[in-house]
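# Residue-level structure breakdown
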Amino acid sequence: MQQNFSAAGVPEAHVILKSMPHPVILLNRDLAIEYVNDSAEEFFAASSALLLGHPLKEIVAFGSPLIALIEQVFERGVSVNEYGVEIGTPRIGDRLVDIQVTPLTEYPGHVLLLLQARTMAQKMDRQLTHRGAARSVTGMAAILAHEIKNPLSGIRGAAQLLELSAPLDDKTLTRLICEETDRICKLVDRMEVFSDERPIPREPVNIHLVLGHVKQLALTGFARNIHIVEEYDPSLPPVLGDKDQLIQVFLNLLKNAAEAIDGASDGEIILTTAYRPGVRLSMPGSRDRVSLPLEICVIDNGPGVSDDLMEHLFDPFVTTKSSGTGLGLALVAKIIGDHGGIIECECAPRRTTFRVLLPMHTSAVAHDHAPTRTGEVHA
């Protein structure tokens, strides 16, 4: 087997670049691509054969700030770093990245472009925020259950006594009091779910059976007029979790997708599963890192989520529905957190993706899923 080492025993530059976990692209003065590493091929969802020789302007979206940054480096001859730049391509959609463009003094007329995707790090940070929000609801739910349900019971009992002797016209008001106290009690009951801190029973769960059950429920109810597409990895190993709670999670996500489509004639929901090696979550207060290789996505072609709502989507009491309580996605975040996983939402025009990453049943790792390239993401 050929060894790509220099005379001093140091790996050659292309070997080092090839093994880097971040996309690296070599560009000439015409912004044509002369080299890409493996991570760049993965980032742009295209092989080197499709990328090499083509101008970068044909790969990224028209008017991308990336082009202006590269031109600036060629003009000034100094490195440029830019953080939180959005890059869009027809293949990958929009990605938020940190950019470093460096001129190569020993190779005039060329620059080296390094991209560092921020999405996974942001997912980890947001997931910890979601768990903190769920914990805040946990304390509030316990207080509400004790301090509100007892007086509500008294109010309802008093209204029922008044109804016995009230004139016919006033009976409507007493019934209204009973109905409203019942509604508040149901809301408190829903919030009490957050105060359940017991460890969930875990066992190997076939996520495709879960999704199949959820799809059947959806098609017989709220999604009967919506086309649901399944794109599954059939060799996916089992999830380590609780089947009933996972059904609750994906039923909630599917219901949200159906409500977002809101009866559109071309409404479509896509369910996908995939194996994503190399994603690990560092747990606070522990040296252990949890591997989250199982990806399940619920994708809809509805209008999407507004930018001002995106950061708080999994917080309790955040909703765009006039009759919603804003607890559905907060509960989803709690259940996924209890499973040791993460959930994130990505939004593009007519493509909203709720992505769930979960741990697998460790004794069921398929030989076919041995990762060829891994990287670790720390929160």
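Being a predicted model, the structure only gives us computed values, none of them experimental.

## A look at the sheet that holds strand β9 (residues 268–275)
An order of β7-β9-β12-β14-β13 is seen for the five strands of this open sheet, with the pairing classed as mixed. Looking at which strands have only one partner, the edges of the open sheet turn out to be β7 (227–231) and β13 (342–348). Adjacent strand axes in the sheet meet at a mean angle of 15° when their direction is disregarded. In the sheet, β9 pairs with strand β12 (residues 294–300) via seven bridges, with the strands oriented antiparallel. What sits directly across from Leu271, in β12, is Val298. Packing against the sheet, helix α9 (residues 243–261) makes contact with β7, β9, β12, β13 and β14 (351–358), and its axis sits at approximately 25° to β12.

## Concerning the confidence of the model for the protein chain
Interpretation of the predicted coordinates at a detailed level should be avoided for regions scoring low in pLDDT. Chain-level statistics for the protein chain give a pLDDT mean of 77 and a share of 72% at 70 or above. No element of the protein chain has a lower mean pLDDT than helix α5 (residues 119–147), which averages 56, and none a higher one than β7, which averages 95. In this model residues 5–11 is a low-confidence stretch, pLDDT under 50, and it forms six contacts with partners more than four residues away in sequence or in other chains. Taken together, the stretch residues 364–379 has pLDDT below 50 and engages in 31 contacts with residues farther than four places along the chain or on a different chain.

## With respect to the packing of helix α8 (residues 207–219) against α9
Viewed as axis vectors pointing N to C, α8 and α9 meet at an angle of 45°, and their least axial separation amounts to 9 Å. Put simply, α8 runs oblique to α9. Here α8 runs over α9; the crossing is right-handed. On α9, the residues that touch Ile207, Val210, Leu211, His213, Val214, Lys215, Leu217 and Ala218 of α8 are Lys243, Leu246, Ile247, Phe250, Leu251 and Leu254. Residues of the contact of α8 with α9, tallied by class, amount to 11 nonpolar, one polar and two charged.

## Examining the nonpolar core
Counting 43 residues, the largest nonpolar core has Ile207, Phe250, Leu253, Ile269 and Ile343 as its most contacted members. When residues of this core are traced back to their parent elements, those giving at least two are α8, α9, β9, β12, α10 (307–310), α11 (328–338), β13 and β14. Among the elements that make up this core, the one with the highest residue count is α9 (nine residues). Here Leu253 is in contact with Val298, Leu329, Val332, Ile343, Phe354 and Val356, once residues within four sequence places are set aside. Counting 28 residues, the second largest nonpolar core, distinct from the first, contains Leu31, Ile59, Leu69 and Leu115.

## Some remarks on the packing of aromatic side chains
The final tally for this structure, using the stated rule, is one aromatic pair. Ring geometry for Phe43 versus Phe44: centroids 5.0 Å apart, planes at 85°, classification edge-to-face. Summarising the burial analysis for this pair, Phe43 and Phe44 share the class buried.

## Things to note about the pattern of salt bridges
On inspection of all chains with the given rule, the structure shows nine salt bridges. Put simply, Glu71 and Arg29 hold a salt bridge, and the shortest N to O gap is 3.2 Å. With Glu71 in helix α4 (residues 65–76) and Arg29 in the loop between β1 (24–28) and β2 (33–36), the pair connects residues that are 42 residues apart, well separated along the chain. For Glu71, a relative accessible area of 22% translates into the label partly exposed. Across the pair Arg156 and Asp182 runs a salt bridge, and its minimum N-O distance is 2.7 Å. Of this pair, Arg156 sits in helix α6 (residues 149–165) while Asp182 sits in helix α7 (residues 168–192); the two residues are 26 residues apart in sequence, bridging distant segments of the chain. Accessibility expressed as a relative area gives 25% for Arg156, which makes it partly exposed. Because the salt bridges share partners, they merge into one network encompassing Glu295, Glu346 and Arg355.

The rules behind these values
- Residues numbered from 1 in each chain as written.
- Predicted model: local features only at pLDDT ≥ 70, side-chain atom pairs only at ≥ 80, totals over all residues.
- Heavy atoms only, no water.
- Pairing = 2+ DSSP bridges.
- Helix = DSSP H or I, 4+ residues; strand = E, 2+ residues; numbered from the N terminus.
- Axes fitted to C-alpha atoms, helices over the stretch in contact; angles between N-to-C directions.
- Contact = heavy atoms within 4.5 Å.
- pLDDT = per-residue confidence, 0-100.
- Parallel < 35°, antiparallel > 145°, perpendicular 65-115°, else oblique.
- Left-handed = near helix turned anticlockwise from the far one by under 90°.
- Nonpolar A, V, L, I, M, F, W, Y, C, P; charged D, E, K, R; others polar.
- Core = buried A, V, L, I, M, F, W, Y, C linked by side-chain atoms within 4.5 Å.
- Buried < 20%, exposed > 50% of the residue type's maximum accessible area, 1.4 Å probe, protein only.
- Phe/Tyr/Trp six-rings, centres within 6.5 Å; stacked < 30°, edge-to-face > 60°.
- Salt bridge = Lys/Arg side-chain N within 4 Å of Asp/Glu carboxyl O.

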